[in-house]
Amino acid sequence: MRSAKVSRKTVLLSSVTAAIAVVGGGVVVAEATADREDEPGGEDPVDEPVEETTEDPAGDLMASMSLEDKVGQLFMVYVHGETADTGDADAVASNRERLGADTGAAFIEAYRPGGIIYFDWANGLTGPEQVAALSNGLQAASTIPLLIATDQEYGSVVRIGEPATQFPGAMPLGATRDLDAAERAAEIAGSELRAMGLNHNFAPDADVNVDPANPVIGVRSFGSDPALVADFAAAQVRGYQAGGVAVSAKHFPGHGDTGTDSHVGLPVITHTAEEWEAIDAPPFTAAIAAGTDMVMSAHLQFPALDDSLKPATLSHPILTGLLRERLGFTGVVVTDALDMQGVRTEYGDDRVPVLALLAGADLLLMPPDLPLAHQAVLDAVASGELTEARIDESVRRILELKIRRGIVDAPETDEGAAAEAVGSAEHRAAAEDIADRSVTLLANDGTLPFAGGSVLVTGWGENTTSLLAEALAAQGFDAEAHVTGDEPGAAAIGAAAAAAAGRDLVVVATRNVRAGSPQADLVAALLDGPAPVVTAAVGTPYDAAHLGAVNASLAAYSYAAPSLAALAKAISGGLAPTGTLPVDVPSESGDVLYPLGHGLGYP
């Protein structure tokens, strides 16, 4: 039997009778007093009974929960619908198929999950008021306040678009070398998320990107230097928390040196234990020291750390032996999404949640079949494979996080104030400043800054080239975008070369260029023309290794609007590039073409 739903007023601590201050993982309770007015007639006030305070609010919450309720707290899933009680037929059908309930509110009432994660494709996320109303609707359905989370890393991973402030992302921050800017950006981002009712962000990325061909991390990393990544990860932990949201450092034990995307396969990290200590561990150590609320596990094999070859998410030596015992992490261990192929290659969807808990995970993110996963954990307790005491350990960590971050005391947000708190002029200016200072000039034969004339913008991304052309026009140039497609064929390349005829400058946006890429063929064809060619990497700066000797090469690390505007200003001379590479850029032969710290300026 599921325990009866009790009033939040009954279950949660009263802010009138007790003030809860949480330091680290412990809870300190101080008695609260209230001023009383004298009663009419001059009579002495009558003493009123004062509710006893507790030094274990998480334990008090757990005492009101059944085993089924506790198991529900171990899961975070997404629900379809722009409102908690959606009537959209497609959303209802999807929820019914995946979750066994028609709406987010109905699912929460049935399963009492620990949290909900937002995606734009599932929840709309069309504006601050809509997001805030969705958050409040979901919280209203839950007895114990929810973690409401998203992946708002910025740059290449963004779930909530404009009018929310759009920061360039992690690698552009690394290019600025400005830790204060990184902390401030996270604080702003956290404050905007909290204003919309979110209280948890799956950031920062603590991976050290040492593989230029990494298909899943790249610009999500602050760089390839462990010390740099460690400093920036710690700064963003502090910033997000100051903004009012919990954070998750990811992806432990490190996802920066792999050629396989764990969404579609099972990567293998070939670092030795010593290399892990030197390269992968420092950012997680720094994030833990800074007080990260969660650490997210990676779905990858790391033979030097666990020779059983279990994915890290299912590895007791990695999650418990390394993360808990070696690094001393006492917070919540959250899995990466359990619907990713990297964790499903060897085990069924009923076994993965149980094995993750046995390994040391606390919060199980996005199992592909929630009713199956929930029942599998209950069955494991019934069989003795898992104990209720083990369940209690994880539930306690989750509840203590919710108490520590003020989620239990204030789960809802002011829907009417959300729009004003999100995307303010001050916040946008901070994002633009970071973008301006991140632009890195890799090579220049004197073509830049460009004095003026006619500019053709072509290359990767129809929206990107269009916005960049508009930004150049705002700088006073006669600029036009020409669409080639992301992987242009011979006809598209020929058309671009023809469009370049008569132009004074050609700007080519590039992203994820590899040896033999059609993007490289496009650049080569344009170099055969009379106009100088400037390449602008809007992803990783590794593109430069495959594009030959262009007239000038810029790295913006991002195709967010502030980064494209910054590129235009750098091309015009409206700003002098000051960014420096946060990674080594190797040549195709493997030698270092542009070293960490490289960055040119204008005379």
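Residues numbered from 1 in each chain as written. Predicted model: local features only at pLDDT ≥ 70, side-chain atom pairs only at ≥ 80, totals over all residues. Heavy atoms only, no water.

Enquirer: I keep staring at the environment of E68 and nothing clicks. Help me out?
Expert: Within the secondary structure, E68 sits in helix α3 (residues 67–73). Separated by 347 residues in the primary sequence, E68 and E415 have C-alpha atoms spaced 32 Å apart. (Helix = DSSP H or I, 4+ residues; strand = E, 2+ residues; numbered from the N terminus.)

Enquirer: Explanation requested: the sheet that holds strand β12 (residues 454–459) in the structure shown.
Expert: Within a sheet, each strand pairs with its neighbour through backbone hydrogen bonds, oriented either parallel or antiparallel. A sheet is described by the order of its strands in space; here six strands give the open sequence β11-β16-β15-β14-β12-β13, paired in mixed fashion. The outermost strands of the open sheet, each flanked by one partner alone, are β11 (440–444) and β13 (478–483). The average undirected angle you get between the axes of adjacent strands in this sheet is 20°. Across five bridges, β12 lies against strand β14 (residues 505–510) in parallel orientation. Looking across to β14, one finds that G459 is bridged to A509. Seen against the sheet, helix α18 (residues 462–474) touches β12, β13 and β14 and runs at an angle of roughly 175° to β13. Strands in contact with helix α20 (residues 518–527) are β12, β14 and β15 (533–537); relative to β14, the strand with the most contacts, it is inclined by about 170°. (Pairing = 2+ DSSP bridges. Axes fitted to C-alpha atoms, helices over the stretch in contact; angles between N-to-C directions. Contact = heavy atoms within 4.5 Å.)

Enquirer: Before we go on, may I ask you to explain the packing of aromatic side chains in this structure?
Expert: Each aromatic ring pair is described using two quantities: the centre-to-centre distance and the angle formed by the ring planes. This model, assessed by the stated rule, comprises ten aromatic pairs. Considering the side-chain rings of F450 and F477, the 5.3 Å spacing of their centres and the 45° angle between planes classify their relative orientation as tilted. With F450 in the loop between β11 and β12 and F477 in the loop between α18 and β13, the pair connects residues that are 27 residues apart, well separated along the chain. This pair shows no difference in class: F450 is buried, exactly as F477 is. Members of the aromatic cluster, joined through ring pairs, are Y78, F119 and W121. Directly above the ring of Y78 sits R98, whose terminal nitrogen or CZ lies 3.7 Å from the centroid. (Phe/Tyr/Trp six-rings, centres within 6.5 Å; stacked < 30°, edge-to-face > 60°. Buried < 20%, exposed > 50% of the residue type's maximum accessible area, 1.4 Å probe, protein only. Lys NZ or Arg CZ within 6 Å of the ring centre and 35° of its normal.)

Enquirer: I would appreciate a short explanation of the packing of helix α9 (residues 179–195) against helix α17 (residues 425–438) in the present structure.
Expert: Relative orientation and spacing of two packed helices are given, respectively, by the angle between their axes and the distance between those axes. One can describe the packing of α9 onto α17 by two numbers: an axis separation of 11 Å at closest approach and a directional angle of 145°. The two elements α9 and α17 meet at a crossing, and its hand is left-handed. Mapping the contact onto sequence places A181, R184, A185, I188, S191 and E192 in α9 and E426, H427, A430, I434 and R437 in α17. By residue class, the composition of the contact of α9 with α17 is five nonpolar, two polar and four charged. (Left-handed = near helix turned anticlockwise from the far one by under 90°. Nonpolar A, V, L, I, M, F, W, Y, C, P; charged D, E, K, R; others polar.)

Enquirer: Explain the side chain of S553 to me, please; I cannot follow it from the model alone.
Expert: Within the fold, S553 resides in strand β16 (residues 552–555). With a relative accessible area of 4%, S553 lands in the buried category. If we ignore the near neighbours within four places in the chain, the residues touching S553 are T440, L441, L442, A443, T535 and A544.

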